[in-house]
Amino acid sequence: MQNQLYKIDLRPVISLDGVWDFAFLGDVAADDVKLANILFDDCMNVPGCFDAAPKYAGKRGLAAYRTTARLSHTGHHRLVFEAINHWCQVFVNGQLACEKSGGFTRFNVDFNGQSGTVEIIILVDNRLDNGCSPLHLAYYDWYHYGGICRSVALHYLGDQWIESVQISTYKLEPPTVRVRVAYGNTGHLAESELKFKFRDQILLAEQVILETGQGVIERMIPLEQAALWSPDLPNLHTLQIQLGQDALQTRFGIRHVQIDGEQIKINGKDIRLLGFNRHESHPQFGHALPQSLIMDDIQLLLDLGCNFVRGSHYPQDPRFLDLCDQLGICVWVEATGWQQTAEHLTDSTYMDAQLLNVEEMVWAAINHPSVIMWGALNEGRSDDPQCVAGYTAVLNRIRQLDASRPVTFASNHIPDADLCLHLADVIGINTYPGWYQGEIEDIPQMLDELFARADATGAADKPIIVSEIGAGAVPGWRDQHETRWTEQYQARLLETVIEHLFSTRNRAAGLAIWQFCDMRSSEAVGRILGRPRGFNNKGIVDEYRRPKSGYQIVIK
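Read on for a plain summary of the structure. Note on numbering: residues in each chain are counted from 1, in written sequence order. Only residues with pLDDT of at least 70 get local features here, since the model is predicted, and only at 80 or more are side-chain atom pairs given and counted; chain-wide, interface and lining totals rely on the full set of residues. Calculated side-chain values reflect all of the structure's heavy atoms, with hydrogen atoms and water omitted.

1. Considering the overall build of the protein chain
Helix and strand content of the protein chain: 9 helices and 31 strands. Atoms considered for the radius of gyration are the C-alpha atoms alone. The globule rule reads 2.2 Å times the number of residues to the power 0.38. Relative to the 2.2 N^0.38 estimate, which gives 24 Å for 556 residues, the radius of gyration of the protein chain is 24 Å and therefore close to what a compact globule would have. Once the C-alpha set of the protein chain is aligned to its principal axes, its extents read approximately 70 × 60 × 45 Å. Here's how the labels work: a residue is buried when its accessible area is under 20% of the maximum for its type, exposed when over 50%, partly exposed in between, all with a 1.4 Å probe on protein chains only. For the protein chain, the proportion of its 556 residues judged to be buried stands at 59%. Here, two residues are considered to be in contact whenever any of their heavy atoms come within 4.5 Å of each other. Of the contacts made within the protein chain by residues no fewer than 6 positions apart, 71% connect residues no fewer than 24 positions apart. In summary, the charge assignment counts Lys and Arg as positive and Asp and Glu as negative, without counting His or the chain termini. Charge placement uses NZ in Lys and CZ in Arg. For Asp and Glu, CG and CD serve respectively. Side chains of the protein chain carry 48 positive and 68 negative charges; the gap between the two charge centres is 3 Å. Strands here are runs of E lasting at least two residues and helices are runs of H or I lasting at least four, both read from the DSSP assignment and numbered beginning at the N terminus.

2. As for the nonpolar core
Here the nonpolar core consists of buried residues drawn from Ala, Val, Leu, Ile, Met, Phe, Trp, Tyr and Cys, with membership extended through side-chain atoms lying within 4.5 Å. Core analysis: the largest hydrophobic core is formed by 83 residues, its most contacted members being Phe-276, Ile-398, Leu-501 and Ile-540. Ranked by residues supplied to this core, first place goes to helix α4 (residues 348–365) with 7 residues. With near-sequence residues (within four places) excluded, Ile-398 lies in contact with Val-358, Met-361, Val-362, Trp-374, Gly-375, Ala-376 and Val-407. Core analysis: the next-biggest nonpolar cluster, separate from the first, contains 30 residues, Trp-20, Ile-84, Val-118 and Leu-154 among them.

3. Regarding the sheet that holds strand β13 (residues 176–185)
For two strands to be treated as a pair, DSSP must find no fewer than two bridges joining them. Reading across the sheet, the 3 strands line up as β12-β13-β16 and stay open at both edges, with antiparallel pairing between neighbours. For this open sheet the edge positions go to β12 (160–171) and β16 (213–222), each flanked by a neighbour on one side alone. Averaged over all neighbouring strand pairs, the angle between strand axes comes to 20°, with direction disregarded. Orientation is described by lines fitted to C-alpha atoms, with helices fitted over the stretch in contact, and by angles between N-to-C directions that extend from 0 to 180 degrees.

4. So, the packing of helix α6 (residues 443–459) against helix α7 (residues 487–504)
Where α6 meets α7, the axes come as close as 10 Å, and the angle between the chain directions of the two elements is 50°. In terms of orientation, α6 and α7 fall into the oblique class. The element α6 and its partner α7 pack so that their crossing is right-handed. Of the residues in α7, those touching α6 at Ile-443, Pro-444, Leu-447, Asp-448 and Phe-451 are Leu-493, Thr-496, Val-497, His-500 and Leu-501. Oblique is the label for any angle not under 35 degrees, not over 145, and not in the 65 to 115 range, which are roughly parallel, roughly antiparallel and roughly perpendicular in turn. Crossings are classed by handedness, with left-handed meaning an anticlockwise turn of the near helix from the far one by less than a right angle and right-handed meaning a clockwise turn.

5. Re the environment of Asp-159
Looking at the secondary structure, you find Asp-159 in the loop between β11 (152–156) and β12. For the pair Asp-159 and Ser-230, spaced 71 residues apart in the sequence, the C-alpha separation amounts to 39 Å. The residues touching Asp-159, leaving out its near neighbours within four places in the chain, are Gly-184, Asn-185, Thr-186 and Gly-187.

6. Points about the pairing of strand β18 (residues 246–252)
The element β18 is extensively covered by neighbouring structure, given that 5 of its 7 residues are classed as buried. Relative to β18, strand β17 (residues 237–243) runs antiparallel, the two sharing 7 bridges. Bridging from a neighbouring strand, Leu-243 pairs with Asp-246 of β18. Here β17 folds back onto β18, and the loop between the two strands holds 2 residues, one of which, Gly-244, carries a positive phi near 60°.

7. Some points on the environment of Thr-67
Among the structural elements, Thr-67 can be located in strand β5 (residues 62–71). Judged by relative accessible area, which is 3%, Thr-67 ranks as buried. Separated by 56 residues in sequence, Thr-67 and Leu-123 place their C-alpha atoms 12 Å apart.

8. Here we look at a nonpolar patch on the surface
Patch construction takes residues with relative accessible area above 30% that form no salt bridge. Like charges are linked within 9 Å, and nonpolar side chains (Val, Leu, Ile, Met, Phe, Trp, Tyr) are linked within 5 Å. Accessibility throughout is a Shrake-Rupley quantity obtained with a 1.4 Å probe, and a residue counts as covered only by protein chains that appear here. The salt bridge definition used is simple: a Lys or Arg side-chain nitrogen within 4 Å of an Asp or Glu carboxyl oxygen. A surface patch of nonpolar side chains, about 310 Å² in accessible area, is lined by Val-525, Ile-528 and Leu-529. Relative to the assigned elements, Val-525 resides in helix α8 (residues 525–528).

9. With respect to the pattern of salt bridges
Taken as a whole and judged by the stated rule, the model has 41 salt bridges. Close ionic contact of Arg-319 with Asp-317 constitutes a salt bridge, the shortest N to O distance being 2.9 Å. For Arg-319, a relative accessible area of 23% puts it in the partly exposed group. The exposure class of Asp-317 is buried, given its relative accessible area of 3%. Here the salt bridges do not stand alone but share partners, grouping Arg-150, Arg-278, Glu-280, Asp-297, Asp-317, Arg-319 and Arg-545 into one network.

10. Some points on unusual backbone geometry
With omega at 5°, the peptide bond leading from Val-46 into Pro-47 counts as cis. Structurally, Pro-47 is set in the loop between β4 (42–46) and β5. Following Asn-85, the chain continues to His-86 via a peptide bond in cis, the omega torsion being 0°. Considering the arrangement of structural elements, one finds His-86 in the loop between β6 (75–81) and β7 (87–92). One non-glycine residue with positive phi stands out, namely Arg-533, at about 70°. For Arg-533, the location among the structural elements is in the loop between α8 and β31 (535–536).

11. Concerning the side chain of Asp-518
Summarising the element assignment, Asp-518 is placed in the loop between β29 (508–513) and β30 (519–520). The exposure class of Asp-518 is buried, given its relative accessible area of 1%. Polar side-chain contacts of Asp-518 include one of 2.7 Å to the backbone nitrogen of Gly-539. Reaching out from Asp-518, the side chain makes a polar contact with the side chain of Lys-548 at a distance of 2.9 Å. Discounting residues that sit within four places of it in the chain, Asp-518 has contacts with Ala-473, Pro-475, Arg-533, Phe-535, Asn-536, Asn-537, Lys-538, Gly-539, Val-541, Asp-542, Glu-543 and Lys-548. Pairing of N or O atoms within 3.5 Å defines a polar contact, subject to two protein rules: one partner must be a possible hydrogen donor and the other a possible acceptor, and residues neighboring in sequence count only if both atoms are side-chain atoms.

12. Overview of the packing of aromatic side chains
Whether two aromatic rings pair depends on their centres lying within 6.5 Å, for rings of Phe, Tyr and Trp, where Trp uses its six-membered ring; planes under 30 degrees apart make the pair stacked, over 60 edge-to-face, and the rest tilted. If you walk through the whole model with that rule in mind, you get 20 aromatic pairs. Plain terms: the ring middles of Phe-81 and Phe-107 are 5.0 Å apart, the flat faces sit at 20° to each other, and that makes the pair stacked. Of this pair, Phe-81 sits in strand β6 while Phe-107 sits in strand β9 (residues 107–113), and the two are 26 residues apart along the sequence. Comparing Phe-81 with Phe-107, the two get one shared label, buried. On the numbers, 6.4 Å between centres and 70° between planes, the contact of Trp-435 with Tyr-436 is edge-to-face. A connected cluster of aromatic rings, assembled from ring pairs, spans Trp-20, Phe-22, Phe-24, Phe-50, Tyr-56 and Tyr-65. Only lysine NZ and arginine CZ atoms are considered, and such an atom sits over a ring when it is within 6 Å of the ring centre and within 35 degrees of the ring normal. Positioned above the aromatic ring of Tyr-143 is the side chain of Arg-60, whose terminal nitrogen or guanidinium carbon lies 4.9 Å from the ring centre.

13. Looking at the packing of α4 against helix α5 (residues 388–401)
Look at α4 against α5: their axes get within 10 Å of each other, and the N-to-C directions meet at 25°. Taken together, the axes of α4 and α5 lie roughly parallel to each other. Considering the relative orientation of α4 and α5, their crossing is right-handed. Residues Met-351, Gln-354, Leu-355, Val-358, Glu-359, Met-361 and Val-362 of α4 pack against Gly-390, Ala-393, Val-394, Arg-397, Ile-398 and Leu-401 of α5. Within the contact of α4 with α5, the residues separate by chemical class into 9 nonpolar, 2 polar and 2 charged. For this classification, Asp, Glu, Lys and Arg are treated as charged, while Ala, Val, Leu, Ile, Met, Phe, Trp, Tyr, Cys and Pro are nonpolar and the rest, including Gly, are polar.

Shown next, in the form of structure tokens:
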């Protein structure tokens, strides 16, 4: 394949996106595979989900990918994977360089390479195996596509490099940011030049001493002419950071997210969050959505009047977050998981995987101003005393990583006396009145009772977001009875919800309708029998993004 060489300022980077050699190995264990014996008899696009491709649709098992790249330097290199689902081993020139479990998050693989050609082979397993991939379980209510589903790049780092850059708002007046530069140094104690450039002006230039190993440099940088970011005025800025012979540039926005009683504020101004839950899923592409389709999703969300998306139930593609930054859509970014029980939250293997997942989630998205809150543990058993320690550990870990954003989780246990609401800064309520319980006429009373119960059990004086609510509608099904599964029923239910939450009463700080688009559900028989077409049909558009009747209700 052809490798595209480009630079992030001084750092040479090769994009490895494109067509890779491919082999589907099937129901075999990775330990039984000899790389030299793999017959690469097919090709596969990267990024892509192999089990969404026509030839391998629905297949589960081990797959092998292979490509080569031309190294122009000798020394320290890094492979950057935006996401591989759900388990993989990475081999560089036949040597195992990394084993990774868990999809939807970025990870790095470092190696020392000689100038010339390097061969990269990746074994990818999309089987739902609790041991190999504890965060991707068969009972989850979405289809788990597998493969190298987001971009891959090869970086040359040298002996000293910038590991990461985090830019956070220190204060709004005058605009001031805290810049945290993490670095690596494989050599001895060394002096190097640190330089910050903003709008072609050098803001800082100084000599710094780099410790051997890893270290962090923090600086406060006033940006007096920088405009603030908000959903109405999504102003973005770029800071270039140079450390020795390495340099990166990072885009960021200056804004402050605050919880003030029942209100969420951005830059001191109340905001009501209105939007949808969004799965990254498509019948043709699986989780590997092309850029044009991501842009289509954004345009539809804006047409619907959205200023808010809850990323369910895993971290969203960074390209989606980039567009939300540019166009002023606020995002609840969520760690991977669904309906965890005490069996999961008291298991050390599961908890280690969950804590690593939230670390990777924060690390990848922390510089996006559109990300206004972090979430985790969707619909876990937050009413079970055995789960409280697990909730505490996960939410506290997020706060340790980033204290600048509120933390939340979506609960469906408030009627059962949720025991973890005190741990959340924002209360998320998942509820389906008029669908799983009661009729449309019952929705106002059921919502009022649920809000009263939440306030009595830990939500008082906190913002409440209805984080899931909705109804299924089989695309194209309309009849004069307007019963469940018709497009008319979904439209009438959503109209009732919106009217009651934002016209009749004023307690909710936000609404995330379930859901933006229909998506393929679990293969589990017990679940699929309750999902016409094998899809969760609660989307306001179908899986091909064709609007249903409810679209016109919401757009009003």
